[in-house]
Amino acid sequence: MCWSATADLVAGAGIAIVGVAAVGSAARRPGDVPLAALPLVLGAHQIVEAAVWHHGGGPGPATLLWAVIALPVLALWVPAAVLCAAPPTARRRLLVPLASGITTSAVLAHALATRTVTAEIRGHTVGYSLGLPAAGFVVLGYLLATVGSLLLSGDRGLVAFGVLVAVGAAVTFGLWRQEYVSTWCAWAALCSVVLLLRARRRRPAPAP
């Protein structure tokens, strides 16, 4: 995220609290729980990046954990969670982004297992480097899995979240070519508040 370790830590803690509230609201709809937990994952992710700041970047456990969450975990988590939460009429078309997520996650996991990921503090941003082969195709697969699954979900709240995430991807890439992964993850974490609103809207009414 931009600015500092403190900003990441405060934002991460706040978003994680949002995630806990979203999971609580979704508890009576099991299919919604994985998606409701996404703010919790993204909040924890920002807290991990605070540790990356604290250690001055470079390789190391915090940098590797950040990359594991940002890359293979989210590439698979998002389309799988959307598939669980989406209406039945949308599930067949969601198999495409899920397949993309499985493939992309496997490629990214292999890259992290065989290469060294490093972080570099660049002013008020953090840049990560992994040296992916065929990076353009991997990015397209990642976007199809994450943003694509949200836009194809057939759920108004998820489509809105997908639009916000897509706009964030375009803006952060335009502003920070080398640091856009970090800044985009931070943007997605902030936008995930939408998932709490969705969970509360879908919470079953109490029995009379």
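A brief structural summary.

A few words now on empty space enclosed by the protein. The tally for this structure, following the rule as stated, stands at one cavity of 30 Å³ or more. A volume near 170 Å³ is recorded for the largest cavity. As for the largest cavity, its lining consists of 13 residues, of which L74, V78, T146, V165 and A188 are closest to the centre. Secondary-structure elements contributing two or more residues to the lining of the largest cavity are α3 (38-54), α4 (61-85), α6 (135-151), α7 (156-175) and α8 (180-191). Considering each element in turn, the lining of the largest cavity owes the most residues, four residues, to α6. Taken together, the residues of the lining of the largest cavity break down into twelve nonpolar, one polar and no charged.

Residue position: G101 is located in helix α5 (residues 95-114). Note on G101: relative accessible area 0%, which makes it buried. Sequence-distant contacts of G101, that is, excluding residues within four places in its chain, are made with A75, L76, P79 and A145.

A few words on the pattern of salt bridges. Under the counting rule described, the total for this entry stands at four salt bridges. A salt bridge links D32 to R29; the shortest N-O distance between them is 3.3 Å. Taking relative accessible area as the criterion, R29 reaches 33% and is therefore assigned partly exposed. Between D155 and R198 there is a salt bridge; the shortest N-O distance is 3.1 Å. Of this pair, D155 sits in the loop between α6 and α7 while R198 sits in helix α9 (residues 193-202); the two residues are 43 residues apart in sequence, bridging distant segments of the chain. D155 gets classed as buried once you look at its relative accessible area, which sits at 9%. Relative accessible area serves as the criterion here: at 4%, R198 is assigned to the buried category. Here the salt bridges do not stand alone but share partners, grouping R29, D32, D155 and R198 into one network.

Take the packing of aromatic side chains next. A complete count under the given rule lists one aromatic pair for this structure. The interplanar angle of 0 degrees and the centroid separation of 3.7 Å between the aromatic rings of W66 and Y128 together place this pair among those described as stacked. Pair noted here: W66 is in helix α4 and Y128 is in strand β2 (residues 125-129), with a separation of 62 residues, a long-range link. Taking relative accessible area as the criterion, Y128 reaches 16% and is therefore assigned buried.

To continue, consider the nonpolar core. One finds L35, L38, V52, W66, V82 and F161 to be the most contacted residues of the largest nonpolar core, which totals 47 residues. Element by element, the count of residues in this core is highest for α4, at 13 residues. The residues contacting L38, other than those within four sequence positions of it, are L74, W77, V78, F161 and L195. In terms of nonpolar packing, the next biggest core, distinct from the first, is built from six residues, A22, A26, A36 and A199 among them.

The subject of this paragraph is the packing of helix α1 (residues 5-26) against α9. Between α1 and α9, whose axes approach to 8 Å, the crossing angle comes to 20 degrees. Looking at the two axes, α1 sits roughly parallel to α9. Viewed along their axes, α1 and α9 form a crossing whose handedness is left-handed. Each of V18, A21, A22, S25 and A26 in α1 lies in contact with α9, whose residues at this interface are V193, L195, L196, A199 and R200.

Cut-offs applied
Counting starts from 1 at the beginning of each chain's written sequence and moves along it residue by residue. Per-residue local features of the predicted model are confined to residues with pLDDT of at least 70, and side-chain atom pairs are confined, for both listing and counting, to 80 or more; whole-chain, interface and lining totals are unaffected and use all residues. As a convention, hydrogens and water are excluded, and side-chain values are obtained from all of the structure's heavy atoms. Put plainly, a pocket is an open set of points on a 1 Å grid over the protein atoms alone with protein on both sides within 12 Å along at least five of seven lines, a cavity is a set where a 1.4 Å probe fits but cannot get out, and a lining residue has an atom within 4 Å of a point. Grid points are joined across faces, edges and corners, and a volume is the space filled by probe spheres set on the points. A helix here means a DSSP run of H or I that spans at least four residues, while a strand means a run of E at least two residues long, and both kinds are numbered starting from the N terminus. Gly is placed with the polar residues, together with every amino acid not listed as nonpolar (Ala, Val, Leu, Ile, Met, Phe, Trp, Tyr, Cys and Pro) or charged (Asp, Glu, Lys and Arg). Type-normalised accessible area, obtained with a 1.4 Å probe on protein chains alone, sets the label of each residue: buried when under 20%, exposed when over 50%, and partly exposed for intermediate values. Here, residues are in contact when the closest pair of their heavy atoms is within 4.5 Å. What makes a salt bridge here is a side-chain nitrogen of Lys or Arg within 4 Å of a carboxyl oxygen of Asp or Glu, nothing more. For Phe, Tyr and Trp, where Trp contributes only its six-membered ring, two rings pair if their centres lie within 6.5 Å, and the inter-plane angle classes them as stacked under 30 degrees, edge-to-face over 60, or tilted in between. Joining through side-chain atoms within 4.5 Å is the link that ties buried Ala, Val, Leu, Ile, Met, Phe, Trp, Tyr and Cys residues into a set, and such a set is a nonpolar core. Lines fitted to the C-alpha atoms define the axes, with helices restricted to the stretch that makes contact. Angles between their N-to-C directions range from 0 to 180 degrees. Relative orientations are named as follows: roughly parallel for angles under 35 degrees, roughly antiparallel for angles over 145 degrees, roughly perpendicular for angles from 65 to 115 degrees, and oblique for any other angle. Each crossing gets its handedness from the near helix: less than a right angle anticlockwise from the far helix is left-handed, clockwise is right-handed.

The values reported here are purely geometric and, on their own, carry no functional implication.
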